[in-house]
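Listed below, chain by chain, are the residues.
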Amino acid sequence: KCSAKNKKFLYLNFRGSHFKDTNFTAASILGCDFWGASFNRCNFKNAHISDCIFMACKFKDCNFDGAKIEYTTIVNTNLSECKKIEFENSVDILKQYPECQLEQELIDSLDKLKENPFIRKCKLLHLPGNKYNKLNLYLLQKKFTERELPPLLLRIADKSKSELRNITTYKKLENTLKHDKSVI
């Protein structure tokens, strides 16, 4: 058993993590990515989950009594074993991985970032097999115009190693791009 009771998780990438008998009671889970994570007999009672992504996650016998879930995207994830789960502000539940249109300027920007080890590590823009992370690109296209996104992404390559190391989740990437947009 593991206790995360009253703990704060901020911008952490839990890709492929397995949680069993974990107590997340009253925990704050903010801006985290859960890709392919599994939750077995976990308790999220009164937890606050915001700005997270749950992609292809598995939940078995989990309690969400009193949990506040908001501004979160849930994709290709069966929630039938989530007891007392309720959603608040702007929770998107997608049954399948979204498709998005990639204009040539965006593809060119993505290709220029493809070899950057810090960007590739967290798989925020590129997936194995020379594929694009279309979920994150879909979400970015909802936040930025077709004209804004390519140059903003290119600005990431100019960041220092320490700045790049901190871009570990979708929400951290989005916030970085929003910040860069505001200083242009």
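Residues numbered from 1 in each chain as written. Predicted model: local features only at pLDDT ≥ 70, side-chain atom pairs only at ≥ 80, totals over all residues. Heavy atoms only, no water.

**Description of the pattern of salt bridges**
- Counting across every chain of the model gives twelve salt bridges.
- Of the charged contacts, one joins E174 and K178 as a salt bridge, the two residues approaching to 2.9 Å between their closest N and O atoms. Of this pair, E174 and K178 both sit in helix α6 (residues 170-183), four residues apart, roughly one helical turn.
- The network of salt bridges with shared partners includes D51, K171, E174 and K178. (Salt bridge = Lys/Arg side-chain N within 4 Å of Asp/Glu carboxyl O. Helix = DSSP H or I, 4+ residues; strand = E, 2+ residues; numbered from the N terminus.)

**Overview of the nonpolar core**
- Grouped together as the largest cluster of nonpolar side chains are 29 residues, with contacts concentrated most on L125, L137, L140, L153, I156, L173 and L177.
- Among the elements of the structure, β9 (53-55), α1 (104-113), α3 (134-143), α4 (149-156) and α6 are those that each provide at least two residues to this core.
- Each residue touching L177, except ones within four places of it in the same chain, is listed here: L140, F144, L149, L152, L153 and I156.
- Among the nonpolar cores identified, the runner-up in size contains 27 residues, and F34, C62, A67 and C82 belong to it. (Core = buried A, V, L, I, M, F, W, Y, C linked by side-chain atoms within 4.5 Å. Buried < 20%, exposed > 50% of the residue type's maximum accessible area, 1.4 Å probe, protein only. Contact = heavy atoms within 4.5 Å.)

**Description of the sheet that holds β9**
- Strands sit in the order β6-β9-β13-β15 across an open sheet of four strands; the sheet is parallel. Pairing within the sheet leaves two strands with one partner each, and these edge strands are β6 (33-35) and β15 (92-94). Along the sheet, successive strands turn relative to each other by an average axial angle of 5°, direction set aside.
- Alignment of strand β13 (residues 73-75) against β15, held across three bridges, turns out to be parallel. Counterpart to I74 in the pairing with β15 is I93.
- In the packing of α3 onto the sheet, the strands contacted are β6, β9, β13 and β15, and the crossing angle to β9 comes to about 145°. (Pairing = 2+ DSSP bridges. Axes fitted to C-alpha atoms, helices over the stretch in contact; angles between N-to-C directions.)

**Describing the side chain of T22**
- As for its position among the elements, T22 is in strand β4 (residues 22-23).
- Take T22: its relative accessible area is 5%, and that puts it in the buried class.
- Aside from chain neighbours lying at most four places away, what touches T22 is C2, R41, C42 and N43.

**Describing the sheet that holds strand β8 (residues 48-50)**
- Strand order in the open sheet formed by four strands is β2-β5-β8-β12, and the pairing between neighbours is parallel. In this open sheet, the two strands that pair with only one neighbour each are β2 (8-10) and β12 (68-70). Each adjacent strand pair in this sheet contributes to an overall mean axis angle of 5°, direction not counted.
- Relative to strand β5 (residues 28-30), β2 is paired through three bridges, and the arrangement is parallel. Looking at the pairing, L10 lines up with L30 of β5.

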